[in-house]
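# Fold and contact review
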Amino acid sequence: MTRLDAQRALGRLRGVAAIVASMLLGGVITVVGLAQAGRLAPARPDALVALGQLLDTEHQRVDLLMERGDVPQAIAALESLRAGPWPSVDDGGEASVQLRHDAYGRLVRLRIDNPKVDPKDADQLLAILDEGIGDEAALEPNPFTARLWALRGEVLEEMGRDDEALDAYEKALEINRMLLERELSGGDP
Amino acid sequence: MSEGPEGKTARREVLDPDWEVALRAGQDEDGHAGSVEDELAIVHLFRHAAAPESLGDAAFDRIWADVEAEIAPAPWWKKLIGWRVAGPALAVAAAAVVVVIVWPREPLPEPKPDTIATAELPTESTADLLAAQFEILAPAARDDIAQTVDAGRGALRNDLIALAVSSSRPSGAEGDGKTVGGAP
């Protein structure tokens, strides 16, 4: 083998090594990104499955109560859900957080629409909303979180705290705008 | 000598207004069959050539009014209505008829009992607008969550199957002679 052949072989090896390194780096970045966004499978799928089944049953129960016009019982059912344990985003994945936001949003919506049933003042409603929103950062855009922010804006507007209401509304609108863009682009951005 | 009076008589018969009266009377006797207007027009022309009739100011104005109505240019708004507006307006109206009446539409979904209050409100405020957006976006998001839960259920099932398989396999598969749980 001449010196020229050796240099060519070394050049090819460098090219292959660069491609392999790029693939590995891309894979690592993808996995880390998905993990950060909570899009990977939850650490405890049993927690998510149990929560999903529980909420499915409870929402059906609330539907039936509302059909019968039994608003107090519907609110009580959602309050009992609220009092129960909720899996963390690490255990149940992001889906479990969205399920929580959905349940809290339905509860507060019912409370705002029926202020005479088990009355709560605006501060108490804000506390429920803050509890529902939680402290999970950088959630994937979803309509349930947007609804919580919208409800927060509604309560703040009723309290006359217009600047804070505007901020909450803007957050909700921003999430919905991202969702709409995702729908129009035909899938995940 | 007789030509003069005969010719004068003939000329007088044609141009005499009585002749026109006699012509129309004959037409009436025939039951208004045929038309005598062409003949009368020529007679009027001859009569005018023989003795031009003066055109008074009032008659002139009346005739000119008719002429002016025909030759005067139309105002801009009439032209606009005639060509630039009427055409597109008709097209838009036709399209609206097609869309509103002819186009088949899917029935609106039934709102859930606890969402009636928000879904039926007009979107007058930001809160109403956001509530309406939620009604649109929520079904697809619920489907996504259901799929995720199903995937979790599948993963859980696989874990349980793997656990069952491993627990049913003798721990001494290599041939150490022991059984699971010390069973004989």
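Look a little higher up for the structure.
Let me sum up the structure you'll find in this document. (Residues numbered from 1 in each chain as written. Chains lettered and ligands numbered in written order. Predicted model: local features only at pLDDT ≥ 70, side-chain atom pairs only at ≥ 80, totals over all residues. Heavy atoms only, no water.)

The subject of this paragraph is the overall build of chain B. A tally of regular secondary structure across chain B gives seven helices and zero strands. When its helices and strands are written in sequence order, chain B yields α-α-α-α-α-α-α. Long-range pairs, those at least 24 residues apart, make up 29% of the contacts in chain B with a sequence separation of at least 6. Total accessible area on chain B stands at roughly 14,700 Å², and carbon and sulfur atoms take up 63% of it. (Helix = DSSP H or I, 4+ residues; strand = E, 2+ residues; numbered from the N terminus. Contact = heavy atoms within 4.5 Å. Areas by Shrake-Rupley, 256 points an atom, 1.4 Å probe, with all protein chains shown as cover.)

One can find Asn 176 of chain A in helix H7 (residues 162-185). Side chain to side chain, Asn 176 of chain A and Gln 133 of chain B meet in a polar contact 2.5 Å long. Look past the residues within four positions of Asn 176 of chain A in its chain and what remains in contact with it is Ala 146 of chain A together with Leu 130, Gln 133 and Leu 137 of chain B. (Polar contact = N/O pair within 3.5 Å; in protein donor to acceptor, adjacent residues only side chain to side chain.)

Each pair of packed helices can be summarised by the angle the axes make with each other and by the distance between the axes. Where helix H2 (residues 45-67) of chain A contacts helix H7 (residues 126-168) of chain B, the axes come no closer than 8 Å and their chain directions differ by 130 degrees. The orientation of H2 of chain A relative to H7 of chain B falls into the category oblique. You can see that H2 of chain A and H7 of chain B cross each other, and the crossing is left-handed. Of the residues in H7 of chain B, those touching H2 of chain A at Pro 45, Asp 46, Leu 48, Val 49, Gly 52 and Gln 53 of chain A are Thr 148, Val 149, Gly 152, Arg 153, Ala 155 and Leu 156 of chain B. For the contact of H2 of chain A with H7 of chain B, the per-class residue count stands at six nonpolar, four polar and two charged. (Axes fitted to C-alpha atoms, helices over the stretch in contact; angles between N-to-C directions. Parallel < 35°, antiparallel > 145°, perpendicular 65-115°, else oblique. Left-handed = near helix turned anticlockwise from the far one by under 90°. Nonpolar A, V, L, I, M, F, W, Y, C, P; charged D, E, K, R; others polar.)

Taking 1.5 Å of rise per residue, the 13 residues of helix H2 (residues 17-29) of chain B would be expected to cover 18 Å, and the 19 Å separating its terminal C-alpha atoms lies within 8% of that figure. One or two positions beyond H2 of chain B, positive phi appears at Gly 31 of chain B, with a value near 75 degrees. (Expected span 1.5 Å × (residues − 1).)

With that out of the way, let us pick up the interface of chain A and chain B. Facing 27 residues of chain A, the contacting portion of chain B comprises 21 residues. Between chain A and chain B the total buried area reaches about 2,300 Å² when both faces are included, carbon and sulfur atoms providing 75% of it. The largest per-residue losses of area from chain A upon contact with chain B belong to Val 49, Pro 143 and Phe 144 of chain A, which jointly make up 19% of the total buried on that side. For the pair chain A and chain B, the number of links is one salt bridge. Of the charged contacts, one joins Asp 102 of chain A and Arg 142 of chain B as a salt bridge, the two residues approaching to 3.0 Å between their closest N and O atoms. (Buried area = accessible area lost by both parts, 1.4 Å probe. Salt bridge = Lys/Arg side-chain N within 4 Å of Asp/Glu carboxyl O.)

Let's shift gears to the packing of aromatic side chains. With the rule as written, the count across this model stands at two aromatic pairs over all chains. Their ring planes at 55 degrees and their centres at 6.1 Å tell us that Trp 86 of chain A and Tyr 104 of chain A sit as a pair that is tilted. Of the two residues, Trp 86 of chain A is situated in the loop between helix H3 (71-83) and helix H4 (89-113) and Tyr 104 of chain A in helix H4; the sequence distance between them amounts to 18 residues. Residues Phe 144 of chain A and Phe 134 of chain B carry aromatic rings whose centres are separated by 6.0 Å and whose planes lie at 75 degrees to one another, so their mutual orientation is edge-to-face. Pair noted here: Phe 144 of chain A is in helix H6 (residues 143-158) and Phe 134 of chain B is in helix H7, and the two residues belong to different chains. Of the residues examined, Phe 144 of chain A reaches a relative accessible area of 0% and is grouped as buried. (Phe/Tyr/Trp six-rings, centres within 6.5 Å; stacked < 30°, edge-to-face > 60°. Buried < 20%, exposed > 50% of the residue type's maximum accessible area, 1.4 Å probe, protein only.)

All names here are of chain A. Using the criterion set out here, one finds 17 salt bridges over all chains in the structure. Close ionic contact of Glu 181 with Arg 177 constitutes a salt bridge, the shortest N to O distance being 2.6 Å. In this pair, Glu 181 and Arg 177 are both assigned in helix H7, four residues apart and thus about one turn of the helix distant. Here the salt bridges do not stand alone but share partners, grouping Glu 79, Arg 82, Arg 111, Asp 118 and Glu 131 into one network.

On to H2 of chain A. Taking 1.5 Å as the rise per residue, H2 of chain A with 23 residues should run 33 Å; its terminal C-alpha atoms sit 33 Å apart, in good agreement. Of the residues trailing H2 of chain A, Gly 69 of chain A is marked for its positive phi of about 80 degrees.

Moving on: empty space enclosed by the protein. According to the stated counting rule, one finds two cavities of 30 Å³ or more in the structure shown. Looking at the second largest cavity, its volume works out to about 40 Å³. Residue lining of the second largest cavity: Pro 143, Ala 146, Arg 147, Ala 150, Ala 172 and Asn 176 of chain A together with Leu 130 and Phe 134 of chain B, and that is the complete set. Every element with two or more residues in the lining of the second largest cavity is listed here: H6 and H7 of chain A together with H7 of chain B. Of the residues forming the lining of the second largest cavity, the biggest block, four residues, is contributed by H6 of chain A. Residues that form the lining of the second largest cavity fall into these classes: six nonpolar, one polar and one charged. (1 Å grid on protein atoms, 1.4 Å probe; cavity = no way out; pocket = protein on both sides within 12 Å on 5 of 7 lines; lining within 4 Å. Points joined across faces, edges and corners; volume = space filled by probe spheres on them.)

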